[in-house]
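Chain by chain, the residues:
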Amino acid sequence: MKLSARDVWRLVRPYWVSEDRWRAYALLATIITLDVFLTYIGVRQTLWQKNFFDALVERDLPAFWSQMVELSAIVAGIVVAGTGRVWFEQALEMRWRTWLTGDYLSRWTKEHAYWRAGTFGKVDNPDQRIAEDLRLMASETLRLSVGALNYAVDFFTFATMLWGLSGAASFALAGAQIQVPGYMMWAAVLYALVGSVIMERIGRGLVPIDYQQQRREADFRYLLVRMRENALPIAMWRGETVESKGLATAFLRIRSNWGEIMRYTKRITAFNALYVQSSMLLPYLITGPRYFSGAITIGTVMQLNSLFNRVRGSLSWFVYRYKDLALLRSVFQRLHEFDLALKRPSGNGLKRREGGRDLVLSSVNVELPDGSSLGAVGRLHLHPGDRLLIQGPSGSGKSLLLRALAGLWPFASGEVTLPDGLTMFVPQQTYMPNGSLLACLAYPSDPETLHVDDAREVLADVGLCKLAEELECDETWHRRLSPGEQQRLGFARVLLHRPTVVFLDESTSALDPNGESRMYQLLEERLPHSIVISVGHRPMLQSWHPISMEWAACRLSQATDQPV
């Protein structure tokens, strides 16, 4: 996927038109002002060089001490302005990064984009793109763009001085006398232009290699985190050898790609050194004959040399920052892909409505992304207190039906009307957020909304009374609790939130028959008016669900309306 300038602008623009733009512009203006002041200091420094060396040649002691005072002022200006510039640049960088992170996190968590991107998108390591790529975008874009502006100010300032000071070069060509005014300025421009062209030819392959390096580093970190999060099953399966081999392979990919980075870095570094060192020689070769002819003083030689290198340096931004530019281009590429992944995939999904007391499905059809149908429901009408069991072979798409009803699966058509109140979807694996057990119980609500006595009571009801005194303890609960205990905690959440409709996707698969019966008995007792829809395979579930549906055949054994 080729990245265009329009794509880059689409990534950069939003912050600079956001609600924080005026603070950003104020900080940017301060940085530019300090850069202009540092350029002025640079001008004073070139004039100081001329006067200082002329004072040395003429052995003028009073002029020498005068130049020492001026040098002290120049040094003080550089220190104060340089320090302030770094501080303001870092402040702007963090404001930009803060806004970007907030914007991307909002889009990442809005309308289940985090789930869609992982399921339908082809974007890898979204965590790295949010945490690392956004940081690099803010810092490198700011540093390089402000640096380019600073170089532009330097060029126009010092090029004007160099033009006037260098005079004109005369030479004969085909019997005609040719004069080139400001010849040293043109020499600096030509030198920088040739260097930039050569640098692009040498390092153009670095962008895709930097892209791959970021990707492989993120893959390696992901495997390390995944092994930590799944330490128990890996240990139980004695999978250390396989995991170690996988980690070693991932790091070998990093090392292999790093070799390519080293190869390009060697070329870039070598040319950069040659470019800079040659530029030290060139102005002396140009000014030497004029000095020995007596046309200019040694101070003027030093001043011309300084001005030449300032002009050449200001035009060498591309050469100096080539590796940084390659990294930034790869960052923009990754963020552009991430931006596309946050968009909704093709497919409109079910039309969702809310209102009334009943749950109604009309002409619901669930498909795979390739368009093949998994199953359909002509019409289903459930009233408060109804219990429906959906059964069918494994892999027939029962869970995809629930995802479509939750608004997560876009490859579905039809209409669903949900009653007023809370609708909860309880998956097979209960999610346990970081924090206290109270936070795990209250999820997805704020733990402050949950009373401790209510939490203890419901823990006892679901068979987790041993945890009642640990509600305030912060632990990695998804590791400490067994799958069955986590499913019991999932039912505790349902009892605390008291939803109008609850969908249970094999939410008792890790429980023994007695535990499973106890959970559904609690739903009967505590939520008699809630609509309960379960997906499961165990025959015992039928005793808790008067209504059942075989998903693949799309027939109901008992109905409350006119299902098809």
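Residues numbered from 1 in each chain as written. Predicted model: local features only at pLDDT ≥ 70, side-chain atom pairs only at ≥ 80, totals over all residues. Heavy atoms only, no water.

The next thing to look at is the side chain of Asn 305. Relative to the helices and strands, Asn 305 resides in helix 10 (residues 298–314). In this structure Asn 305 comes out as buried when scored by relative accessible area, which is 9%. Dropping the residues within four chain positions of it, Asn 305 is found in contact with Met 280, Pro 283 and Tyr 284. (Helix = DSSP H or I, 4+ residues; strand = E, 2+ residues; numbered from the N terminus. Buried < 20%, exposed > 50% of the residue type's maximum accessible area, 1.4 Å probe, protein only. Contact = heavy atoms within 4.5 Å.)

We now examine the confidence of the model for the protein chain. Here the protein chain averages 85 in pLDDT, while 95% of its residues score no lower than 70. Contacts from residues 553–564, a stretch scored under 50 in pLDDT, to residues over four places away or in other chains number 26 contacts. (pLDDT = per-residue confidence, 0-100.)

A word on the sheet that holds strand 4 (residues 359–367). The strand order 3-7-4-5 describes an open sheet built from four strands, whose pairing is mixed. At either margin of the open sheet sits one strand with a lone partner, and together these are strand 3 (351–354) and strand 5 (373–382). The sheet shows a mean angle of 10° between the axes of neighbouring strands, direction not considered. Across four bridges, the pairing between strand 3 and strand 7 (residues 412–418) is parallel. (Pairing = 2+ DSSP bridges. Axes fitted to C-alpha atoms, helices over the stretch in contact; angles between N-to-C directions.)

Attention now goes to the packing of aromatic side chains. On inspection of all chains with the given rule, the structure shows 24 aromatic pairs. Ring centres of Trp 108 and Phe 338 lie 5.3 Å apart, and the angle between their planes is 55°; on these two criteria the pair is classed as tilted. Taken together, the positions of Trp 108 in helix 3 (residues 61–109) and Phe 338 in helix 12 (residues 322–341) put the pair 230 residues apart, joining distant regions of the chain. Judged by its relative accessible area of 15%, Trp 108 is buried. Aromatic ring contacts, followed pair by pair, group Tyr 15, Trp 16, Trp 22, Tyr 25, Trp 96 and Trp 99 into a single cluster. One Lys or Arg, Arg 107, reaches over the ring of Tyr 104 and ends 5.0 Å from the middle of that ring. (Phe/Tyr/Trp six-rings, centres within 6.5 Å; stacked < 30°, edge-to-face > 60°. Lys NZ or Arg CZ within 6 Å of the ring centre and 35° of its normal.)

Before going further, it helps to spend a moment on unusual backbone geometry. Residue Pro 444 is reached from Tyr 443 by a cis peptide bond, and omega for that bond is 5°. By the secondary structure assignment, Pro 444 is in the loop between helix 14 (437–442) and helix 15 (452–461). One non-glycine residue with positive phi stands out, namely Arg 59, at about 55°. Turning to its location among the elements, Arg 59 is positioned in the loop between helix 2 (21–57) and helix 3. Of note, the phi angle at Arg 238 is positive, near 55°, even though the residue is not glycine. Along the chain, Arg 238 falls in the loop between helix 8 (231–236) and helix 9 (240–292).

With that out of the way, let us pick up helix 9. Over its 53 residues, helix 9 runs 76 Å from end to end, which matches the ideal 78 Å to within 8%, given 1.5 Å per residue. Approximately 30° is the largest bend angle found in helix 9, and it occurs at Ile 286, with the proline Pro 289 only one to four residues beyond. Where helix 9 terminates, the next one or two residues include Gly 294, which has phi positive at roughly 85°. (Expected span 1.5 Å × (residues − 1). Bend = angle between axes of the 7 residues up to and from the residue.)

Our focus in this paragraph is the state of the cysteines. In total, this model carries zero disulfides according to the counting rule given. Between Cys 440, a free cysteine, and Cys 473, which holds the nearest cysteine sulfur, the sulfur-to-sulfur gap is 11 Å. For Cys 440, a relative accessible area of 0% corresponds to the buried category. On the accessibility criterion, Cys 473 (30% relative accessible area) is partly exposed. (Disulfide = S-S within 2.5 Å.)

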